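Here are the chains, one letter per residue:
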Amino acid sequence: MQLSLKVRQGIISLFLLFFLLPSSFFAIEQAFYTQLLTSTEQKLEVHMYSILAEVQPKDGKVELSNNLLPPDFYRPDSGLAAFITSENELLWQSDSSINQQFDPPTHQILPASHEFVLMEQYQQKYWVLSFSVLFDLGDNTLPLTIHVVQNDQLLQEPLKAFRKTLSQWFIGIALVLIGLTLLAYYWITKPLTSLDKEIHKLESGQQEQLLHDYPSELNKIKEDLNLLLANQNRQKQRYRHHLSDLAHALKTPIAVLRTSKLSEQPELREQLDRITGMIEHQLKRASSSGQDLWHKQIKVKPLIDKLEQALSKIYRDKGCQIDIQCTDQVVFRGDETDLMEILGNLLDNACKACNHNVKISAFGKPLQLDIEDDGPGIPTNKREELFERGTRLDTYKEGHGVGLSIVSELVKSYSGELQVSQSPLGGARFVIRFPESGIK
């Protein structure tokens, strides 16, 4: 099953809105977060070297001039703190760490190396930069580790601000993309819409060829369709001219036979009438547009109404009631004469066979015709013979047994199906389906 252009465009739009845009959003956010981490590490490293430059070991302790440190190490709520430890013993801490619940790391790191890690203590997250050094005291060395700590909130605040700004931009981009998608869809499908409208005009007989100018991809289709239509019209006209000549040629010998004395015999006259009727019908069928579906869309209900009025008069004495189930929107894509021939034969047979009630229904896409009666019905083993030329399963005096065979041939010429079954009314039910017909 091929997806429509609207569905395809919708899938692409949903992909852009719900996959590509969010993916881009998270990628940009992650890149910004990575940059924030790098900047934080660099900032803490600068503070660490500032502290290291002021450290003065003395008697196994360290002294440090706080006056030279950045102001953030003096304020308790700054989110920055510093610690100096030696073999898990706290030797010094900044003023900003006094009210802060944080315990410096106890694990040892190699001298002259550093690490930058995220730690969680007391339901708070901290970024910690640790640097280990060995101070030469002459007779021995003093291992020191400097820890510079920053609260994770200092990192999250700019990230939230960036995320908010980025969200606003991406919402705007999404709205612009939706507008551009709708505009692109209208712009791209406009030629297809025009082509579809022109084809409908061809079907309704409002024009004979495709006239609009189309993009190069569709222009070739337009030229091919116009060429096909022109060839079809030429062949149809040539065919009809030949058939007209044939009709005139056949009329003369038949007229001669009718004027002969032999035609006074009832049997011969009946055969002449039958030959004349069959010739006229076949010529009419051959010249009809059973396979030319471009210019014919016939409303079904007016034809049914016309037949109902005629048959009601013919079978007035029988009291035949014809129930019509058909809306004004149901159409038959084909020749009006062919549809009249099909419905006329079936309805006439139904009126002959019924006791009082006949029902005809026309509906659906593709078009389906149901003709039912409350007569004796048709035996199952006789239904296959019903459509053979000359076969009669009734006891009527009129006709020559060719009506249903004509109906069958006409239905087949439209690639339709004709089925016979038992009707809920009690009699026969004829069901015809036309795959190329339906509601506009």
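A quick note: this is a predicted structure, and the numbers were derived from the prediction, not measured.

### Observations regarding the sheet that holds strand 4 (residues 89-93)
- In space, the five strands of this open sheet follow the order 4-3-7-6-5, with antiparallel pairing throughout. Whereas interior strands pair on both sides, the edge strands pair on one side only; in this sheet they are strand 4 and strand 5 (114-121). The average angle at which neighbouring strand axes cross in this sheet is 30 degrees, direction not considered.
- Relative to strand 7 (residues 141-151), strand 6 (residues 124-136) is paired through eleven bridges, and the arrangement is antiparallel. When the sheet's bridge partners are listed, F131 is paired in strand 7 with I146.
- Sitting on the sheet, helix 1 (residues 5-54) is in contact with strand 3 (80-86), strand 5, strand 6 and strand 7, with an inclination near 35 degrees to strand 6.

### A short note on the side chain of N226
- In this structure, N226 sits in helix 3 (residues 216-259).
- Setting aside residues up to four positions removed in sequence, N226 forms contacts with Q209 and L210.

### A word on the nonpolar core
- In this structure, V300, L369, F430 and F434 are the most contacted members of the largest nonpolar core, which totals 40 residues.
- Sorting elements by how many residues they give to this core places helix 6 (residues 336-353) first, with seven residues.
- L44, L69, L80 and F116 belong to the second-largest nonpolar core, a separate cluster that totals 28 residues.

### Here's the deal with the environment of E120
- Take E120: it is sitting in strand 5.
- Residue E120 is classed as exposed on the basis of its relative accessible area, which comes to 57%.
- A sequence separation of 31 residues divides E120 from N151, and the C-alpha atoms of the two residues are 10.0 Å apart.

### A look at helix 5 (residues 300-314)
- For helix 5, spanning 15 residues, the distance from its first C-alpha to its last is 21 Å, which sits close to the expected 21 Å at 1.5 Å a residue.
- Of all the positions in helix 5, only V300, L303, I304, L307 and L311 are classed as buried. Axial view of helix 5: buried residues confined to an arc of 95 degrees, hence all on one face.
- Against strand 8 (298-299), strand 9 (321-326), strand 10 (330-332), helix 6, strand 11 (357-363) and strand 12 (367-373) lie the buried residues of helix 5.

### A short note on the pattern of salt bridges
- Across all of its chains, the model carries seven salt bridges by this definition.
- Linking R163 and E29 is a salt bridge whose minimum nitrogen-to-oxygen distance equals 2.2 Å. On the criterion of sequence distance, the pair formed by R163 in helix 2 (residues 153-204) and E29 in helix 1 is long-range, its members being 134 residues apart.
- We note a salt bridge from D348 to K352, for which the minimum N-O separation is 3.3 Å. Of this pair, D348 and K352 both sit in helix 6, separated by four residues, roughly a single helical turn.
- Put simply, D72, R75 and D77 are held in one network by salt bridges that share partners.

Calculation criteria
Residues numbered from 1 in each chain as written. Predicted model: local features only at pLDDT ≥ 70, side-chain atom pairs only at ≥ 80, totals over all residues. Heavy atoms only, no water. Pairing = 2+ DSSP bridges. Helix = DSSP H or I, 4+ residues; strand = E, 2+ residues; numbered from the N terminus. Axes fitted to C-alpha atoms, helices over the stretch in contact; angles between N-to-C directions. Contact = heavy atoms within 4.5 Å. Core = buried A, V, L, I, M, F, W, Y, C linked by side-chain atoms within 4.5 Å. Buried < 20%, exposed > 50% of the residue type's maximum accessible area, 1.4 Å probe, protein only. Expected span 1.5 Å × (residues − 1). Arc of directions from axis to C-beta. Salt bridge = Lys/Arg side-chain N within 4 Å of Asp/Glu carboxyl O.

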